[in-house]
Structures are given as structure tokens and as C-alpha cells.
Amino acid sequence: MSTIDPHTRETMIRIERICKRYGTQLALDNVDLTIGAGETFGLLGPNGAGKSTLIGLLATLKRPDSGRISIGGHDVLRDRDRVRQQIGLVFQENNLDRELTARQNLDFQARLHRLDNPSAAVAAMLRRLELEAHADRPAEEFSGGMRRRLIIGRALLSAPRVLLLDEPTTGLDPAIRHALWSLIHEASEGGCTIILTTHYVEEAETLCDRVALMQRGRIVDCGAPAALCERHAKHKLEDVVLALNAGG
Ligand SMILES: Nc1ncnc2c1ncn2[C@@H]1O[C@H](COP(=O)(O)OP(=O)(O)OP(=O)(O)O)[C@@H](O)[C@H]1O
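The residue numbering used here restarts from 1 in each chain and proceeds along that chain's sequence as written. In view of the model being predicted, local features appear only for residues whose pLDDT reaches at least 70, and side-chain atom pairs are presented and counted only at 80 or more, with totals across whole chains, interfaces and linings using the full set of residues.

As annotated in an unreviewed UniProt entry, the protein carries the name ABC transporter ATP-binding protein and comes from Dentiradicibacter hellwigii. UniProt positions are given in the numbering used here, feature names are shortened, and annotations may be inferred rather than shown by experiment. Here is the UniProt Sequence similarities (unreviewed entry) comment for the protein, exactly as written: "Belongs to the ABC transporter superfamily."

Structural data, given as C-alpha cells:
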């Protein structure tokens, strides 16, 4: 959760009337969202709700059928390269180069982004990730938690203005999840705008300034976790999610 006053934020991401179909399957149905600079924003919803599709559109990896998205004032379709320069992306899948070491994985990214001093940037990131002792081991020897840390660190290396995280902590034990939350929180404190999808309501509650609750391609409600609880007369966000998913 960031400490920036929500009333003074400039807009970082504008999503307007977005529709996306796969064949006859309507994955996103007229989605509108505005996300402020420095905000940490969560997408919560059952399997198939459309969360990953929305991340794919923001990441310029998918094209909408209709509607518009801009990031940092740049249209994701017309200014794709400018948008890509501004975003860091973490997919659900482990897409590290398994045969390369942690240092080599980061170094590749640093050079791709033409960082001024790639070796120094990589060394600093390895320290930040607490992976210095493992820097020269191939990623295939890493535990699931170490891999995730490395993947998030790789996305942060270019100091992106926007970080897109698709289920960043799925399948990890609570201690590792908490360590990743610290990393995500640190990025937020540094001013990064973060959008994350998750199935862990506690994760959204802990990290996010606001959350969109999605169902079948639509946003059925959106707000700060406390405001959502109040609106739905529930004590916990988990209960709001369960009630909405049950159609209650
Ligand atoms: N490449 C694809 N081809 C066909 N249908 C797809 C494709 N990708 C997603 N879909 C469908 O679009 C809908 C939204 O999927 P999406 O993966 O965006 O949901 P999600 O909320 O991220 O789900 P999960 O929580 O399981 O990751 C689902 O009905 C899904 O089956």
C-alpha cells in the first residue's frame, strides 16, 4: 500500500470501455478503470474472470476488440514501444532462462534496457533480492521462492513506472509470500504504480490501495478494501468476495 495521498495523484493508467473476445468467449466486457500514479491496484476474481487478459492488454501483448488503454499518457496500441519502456512485467509462468545464472538473467535484462552501468545495477539488485550468495548458480537450481524473487527483481531492474504482476505469489509458502510482499511494497514506496492479480484476498488487502472485484469479464465493484467491506456490510474482504462469487 502506498503512502501517497489518493486525492493528489495524477492518472497513470486509463482503461476505457475495453472489450476482448476469444472466439465467442467474451473475456472482458466493457471494462473501465482509472489508476493513479503510485497506486497499488488489485484485480480479484474467480478463475476465468478476465484478470490475466486485462494484464495482457496492459502489457501490450494482447489487442482489445474495442476500447482504449493509455499508460503514462501513451496509447498501448499506437505507442506500444513507449508503453513497453515504462512497464515491468511478471507473468504467472516461470520464464527465466533456466540455464543462465541469476546474474546472467539480470544482466540480459539490464542490457536489453540499455542501463548505464549494467554490472552495478545487477549487483545492487542481487543484494536487494538477497540472492548475492546464489548469484552464479543457474536458475534451474533455485527453489520456487528464489525464482519468483529473481523474476520480480528482473522486472524491477529498469525502474519501471508501472509494474504488472500476474499472480506473483501463487503456490509459495507464507514466509516466502511475505518476503515478496516486502519487495512489492518497496517498489510501491519508490513511486512505482503496481497492478497485481491474485487469488489471495489477504494479499490484496495487505498490498493494495484499491481492488477491483471481477466476474465474467466485468468489474462488479471497485474501491479501497475497507470501503468495499463497509459497502457490502462485511467485516472482511474475503466475505465480500465470497458473497459476490456466490451471487449474494
Ligand atoms: N487464449 C485464449 N483462448 C481462448 N479463450 C481464452 C484464452 N485466454 C483466456 N481465455 C478465456 O477468457 C476468459 C478469461 O480468462 P483469463 O485467463 O483472463 O481469466 P483469469 O481471471 O485470469 O483466470 P485465472 O484466475 O484462472 O488465471 C476465460 O473464460 C478463459 O477461458
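Draft legend 1. Up close: the nonpolar core. The term nonpolar core refers to a set of buried Ala, Val, Leu, Ile, Met, Phe, Trp, Tyr and Cys residues connected through C-beta atoms within 7 Å. Here exposure depends only on C-beta density: within 10 Å of a residue's C-beta, 20 or more other C-beta atoms make it buried, 12 or fewer make it exposed, and intermediate numbers make it partly exposed, the C-beta atoms being placed from the backbone. Ranked by internal contacts, the top residues of the largest apolar core, which has 62 residues, are Leu58, Ile71, Leu163, Leu164, Ile194 and Ile195. No other element matches the five residues that helix α5 (residues 144-156) contributes to this core. Residues contacting Leu164, with those up to four places away along its chain left out, are Ile55, Leu58, Ala59, Ile87, Leu89, Val90 and Ile195. Helix and strand definitions follow DSSP, with helices as H or I runs of at least four residues and strands as E runs of at least two, each counted in order from the N terminus. C-beta atoms are placed from the backbone for every residue, and two residues are taken to be in contact when these atoms lie within 7 Å.

Draft legend 2. Region of interest: the sheet that holds strand β10 (residues 218-223). Following DSSP output, two strands are said to pair if at least two bridges run between them. Taken in spatial order, the six strands of this open sheet run β6-β7-β8-β3-β9-β10, and their pairing is mixed. Every interior strand has two partners, whereas the edge strands, β6 (87-90) and β10, have only one. Strand-to-strand twist of the sheet, defined as the mean angle between neighbouring strand axes without regard to direction, takes the value 15 degrees. Sheet analysis places strand β3 (residues 40-44) next to strand β8 (residues 193-198), joined by five bridges and oriented parallel. Each residue of the ladder has a partner; that of Gly42, found in β8, is Leu196. Between N-to-C directions, angles span 0 to 180 degrees; the directions come from axes that are lines fitted to C-alpha atoms, helices contributing only their stretch in contact. Contacting β3, β7 (162-166), β8 and β9 (210-215), helix α1 (residues 51-58) runs over the sheet at an angle of about 150 degrees to β8.

Draft legend 3. Spotlight on the site of the ligand. Here is the check we use: build the C-beta atom from the backbone, and if it is within 6 Å of the molecule or strand, call the residue near. Lining the immediate environment of the ligand, one finds Tyr22, Gln25, Ala27, Gly45, Asn47, Gly48, Ala49, Gly50, Lys51, Ser52 and Thr53. Every element with two or more residues in the shell around the ligand is listed here: β2 (25-36) and α1. Top contributing element to the shell around the ligand by residue count: α1, with three residues. Gly is placed with the polar residues, together with every amino acid not listed as nonpolar (Ala, Val, Leu, Ile, Met, Phe, Trp, Tyr, Cys and Pro) or charged (Asp, Glu, Lys and Arg). Classifying every residue of the shell around the ligand by side-chain character gives three nonpolar, seven polar and one charged.

Draft legend 4. Inspection of the UniProt feature "domain: ABC transporter" (unreviewed entry) in the protein at higher detail. Mapped onto this numbering, the UniProt entry gives "domain: ABC transporter" (unreviewed entry) at residues 13-241. The straight-line gap between the two end C-alpha atoms of residues 13-241 is 24 Å; of that span, 37% is helix and 27% is strand.

Draft legend 5. Examining the environment of His113 more closely. Positionally, His113 belongs in the loop between α3 (102-112) and α4 (118-128). Here the alpha-carbon distance between His113 and Leu207, two residues 94 residues apart in the chain, equals 27 Å. Look past the residues within four positions of His113 in its chain and what remains in contact with it is Leu157 and Ser158.

Draft legend 6. Molecular detail of the sheet that holds strand β1 (residues 11-22). Read from one edge of the open sheet, four strands run β2-β1-β4-β5, paired in antiparallel fashion. The outermost strands of the open sheet, each flanked by one partner alone, are β2 and β5 (74-75). Relative to strand β4 (residues 66-71), β1 runs antiparallel, the two being bridged by five bridges. When the sheet's bridge partners are listed, Ile13 is paired in β4 with Ile71.

Draft legend 7. Structural context of unusual backbone geometry. Non-glycine residue Arg17 carries a positive phi angle of around 45 degrees. Topologically, Arg17 is positioned in strand β1.

Draft legend 8. Looking closely at the packing of α3 against α4. Where α3 contacts α4, the two axes come as close as 9 Å, and the packing angle between them is 130 degrees. Overall, the two elements α3 and α4 adopt an arrangement that is oblique. Of the two elements, α3 crosses α4, and the hand of that crossing is right-handed. Along its contact with α3, which presents Ala102, Arg103, Leu106, Asp107, Ala110 and Arg111, the element α4 presents Pro118, Ala121, Val122, Met125 and Leu126. Under this scheme an angle from 65 to 115 degrees is roughly perpendicular, one under 35 degrees roughly parallel, and one over 145 degrees roughly antiparallel; angles in between are oblique. Handedness of a crossing follows from how the near helix is turned relative to the far one, being left-handed for an anticlockwise turn of less than a right angle and right-handed for a clockwise one.

Draft legend 9. Structural detail: the packing of α5 against helix α6 (residues 174-189). Following both chains from N to C, one finds α5 and α6 inclined at 10 degrees, their axes separated by 10 Å at the closest point. On the basis of the axis angle, α5 is roughly parallel to α6. Seen from α5, the contacting residues are Gly145, Arg148, Arg149, Ile152 and Leu156; seen from α6, they are Ile176, Leu180, Leu183 and Ala187. Class assignment of the residues belonging to the contact of α5 with α6 gives a composition of six nonpolar, one polar and two charged.

Draft legend 10. How the structure looks around the pairing of β1. Inspection of the sheet shows β1 paired to β2 by nine bridges, in the antiparallel sense. Residue pairing across strands places Tyr22 opposite Gln25, the latter belonging to β2. Here β1 folds back onto β2, and the loop between the two strands holds two residues, one of which, Gly23, carries a positive phi near 60 degrees.

Draft legend 11. Focus on α6. By this rule the span expected of a helix is its residue count minus one, scaled by 1.5 Å. The terminal C-alpha atoms of α6, which comprises 16 residues, lie 22 Å apart, in line with the 22 Å expected from a rise of 1.5 Å per residue. Residues Leu180, Ile184, Ala187 and Ser188 constitute the buried set of α6. In an axial view of α6, the angular spread of the buried residues amounts to 100 degrees, which keeps them on one side of the axis. Seen from the open side of α6, the exposed residues pointing more than 90 degrees away from its buried face are Ala175, Ser182 and Glu186. Residues of α6 that are buried make contact with β3, α5, β7, β8 and α7 (201-207). Positive backbone phi, approximately 100 degrees, marks Gly191, located one or two places after α6. The directions from the helix axis to the C-beta atoms form the arc being described.

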